[in-house]
Amino acid sequence: MAALHGWRFCPVCGGGLRGGDDRLECEACGYVVYANPAPTASALVVDEHDRLLLARRAAEVEHGKWDLPGGFVEEGEDPIDALRRELREETGLTVEPVRLFGIWMDWYGSGDDRRSTLNLYWLARAVGGELAAADDVSELAWFGRDELPPREQIAFTNVPKVLAAWRDENA
Ligand SMILES: [Zn+2]
């Protein structure tokens, strides 16, 4: 809905656009654009002490809040490859997925420019690398099931739900 907010002209030829919030079509060249959610891939990396790795956000959106490390899947990229790439970029760790933990919808950003996101989460384990915050992350820390940050310090709407699901699993 919000992805196409304010679009008036075709990005290919400059012609006029017609359609609704979910789909626009160019009257001149026939170009069609859909307001699909953007997929992300993130990891619940758990260590041998059953602690979960969280990353403090350095990006503008949800700045300073705790998040699960991960990021947007690139065009044509396998989400598992996106998971490995994002974890390497943000945490320095080489990770291997253990199993898909779940899928949660959310919004990225705020107001008319916010984007719908489809967020994939894997349970994962570190198999190499050196833990070091980088890229869009200012700090990394391990949290036990009973040590998770309070809701107001956790980024987005879906991440607290993911953390609660992890905390309550096998609890
Ligand atoms: Zn056009």
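Nothing here was measured: the structure is a model prediction, and the numbers come from that model.

**Q** I'd like a rundown of the environment of Ala 165, residues and numbers included.
**A** Assignment of secondary structure puts Ala 165 in helix H2 (residues 158-168). Of the residues examined, Ala 165 reaches a relative accessible area of 27% and is grouped as partly exposed. Counting along the chain gives 63 residues from Ala 165 to Gly 102, while the straight-line C-alpha distance between them is 9.4 Å. In this structure Ala 165 touches Phe 101 and Trp 104, once residues within four positions along its chain are discounted.

**Q** Could you give me a rundown of helix H1 (residues 79-91), with the residues and numbers involved?
**A** Its 13 residues place the ends of H1 17 Å apart at the C-alpha level, agreeing with the 18 Å of an ideal helix rising 1.5 Å per residue. Among the residues of H1, Ala 82, Leu 83, Arg 85, Glu 86, Leu 87, Glu 90 and Thr 91 are the ones counted as buried. Structurally, H1 contributes buried residues whose contacts are with strand E4 (38-45), strand E5 (52-57), strand E7 (70-72), strand E8 (93-108), strand E9 (115-129) and strand E10 (137-143). Put simply, Asp 78 is the residue that caps the front of H1, since its side-chain oxygen is 2.8 Å from the backbone nitrogen of Ile 80. The first or second residue beyond H1 is Gly 92, which carries a positive phi of 80 degrees.

**Q** Which residues make up the sheet that holds strand E3 (residues 32-34), and what values go with them?
**A** Spatially, the 3 strands line up as an open sheet ordered E1-E2-E3, and their pairing is antiparallel. Every other strand in the sheet has two partners, leaving strand E1 (17-19) and E3 as the edge strands with one partner each. Sheet twist, expressed as the mean angle between neighbouring strand axes with direction ignored, is 25 degrees. Pairing between E1 and strand E2 (residues 23-26): 3 bridges, direction antiparallel. Residue pairing in the sheet places Gly 19 in a bridge with Leu 24 of E2.

**Q** For the nonpolar core, give the residues involved together with the corresponding values.
**A** If you look at the biggest cluster of nonpolar residues, it comprises 19 residues, and the most contacted ones within it are Leu 44, Leu 52, Leu 54, Leu 68, Phe 101, Tyr 121 and Leu 163. Counting only elements with at least two residues in this core, the list comes to E5, E8, E9, E10 and H2. If you tally residues by element for this core, the top one is H2, at 4 residues. Excluding its chain neighbours within four sequence positions, the residues that come into contact with Tyr 121 are Ser 42, Leu 44, Leu 68, Leu 100, Phe 101, Gly 102, Trp 104, Asn 158, Val 159 and Val 162. Formed by 16 residues, the second largest nonpolar core is a distinct cluster that contains Ala 43, Val 73, Leu 87 and Val 95.

**Q** Can you tell me about the coordination of the zinc ion, naming the residues and giving the values?
**A** Within the first shell, the zinc ion binds the protein through Cys 10 (SG), Cys 13 (SG), Cys 26 (SG) and Cys 29 (SG), at distances of 2.3 Å. Note that the zinc ion binds 4 donor atoms; their angles at the metal cover 100 to 114 degrees, and the shape is tetrahedral. Mapped onto the sequence, the residues coordinating the zinc ion show the spacing C-x2-C-x12-C-x2-C.

**Q** Residue-level account of H2, with values.
**A** Considered for burial, the residues of H2 that qualify are Asn 158, Val 159, Pro 160, Val 162, Leu 163 and Trp 166. Contacts from the buried residues of H2 go to E4, E5, strand E6 (66-67), E8, E9 and E10.

**Q** Outline the sheet that holds E10, listing residues and values.
**A** Taking strand neighbours across the sheet as the criterion, the 3 strands line up as E6-E5-E10 in an open arrangement whose pairing is antiparallel. The strands lining the two open edges of the sheet, one partner per strand, are E6 and E10.

**Q** Any chance you could break down the pattern of salt bridges for me, citing the residues and the numbers?
**A** For the coordinates displayed, the defined rule picks out 14 salt bridges. Close ionic contact of Arg 51 with Asp 47 constitutes a salt bridge, the shortest N to O distance being 2.8 Å. Given a relative accessible area of 29%, Arg 51 falls into the partly exposed group. A relative accessible area of 13% places Asp 47 in the buried class. Between Glu 96 and Arg 84 there is a salt bridge whose closest N-O contact spans 3.1 Å. Taken as a pair, Glu 96 in strand E8 and Arg 84 in helix H1 lie far apart in primary sequence, 12 residues in all. Judged by relative accessible area, Glu 96 falls into the partly exposed class, the value being 28%.

Rules behind the numbers
Residues numbered from 1 in each chain as written. Predicted model: local features only at pLDDT ≥ 70, side-chain atom pairs only at ≥ 80, totals over all residues. Heavy atoms only, no water. Helix = DSSP H or I, 4+ residues; strand = E, 2+ residues; numbered from the N terminus. Buried < 20%, exposed > 50% of the residue type's maximum accessible area, 1.4 Å probe, protein only. Contact = heavy atoms within 4.5 Å. Expected span 1.5 Å × (residues − 1). Polar contact = N/O pair within 3.5 Å; in protein donor to acceptor, adjacent residues only side chain to side chain. Pairing = 2+ DSSP bridges. Axes fitted to C-alpha atoms, helices over the stretch in contact; angles between N-to-C directions. Core = buried A, V, L, I, M, F, W, Y, C linked by side-chain atoms within 4.5 Å. Donors = N, O, S within 2.8 Å, 3.2 Å for Na, K, Ca; no water. Tetrahedral: all angles 85-135°; square planar, octahedral: opposite > 155°, others 65-115°. Salt bridge = Lys/Arg side-chain N within 4 Å of Asp/Glu carboxyl O.

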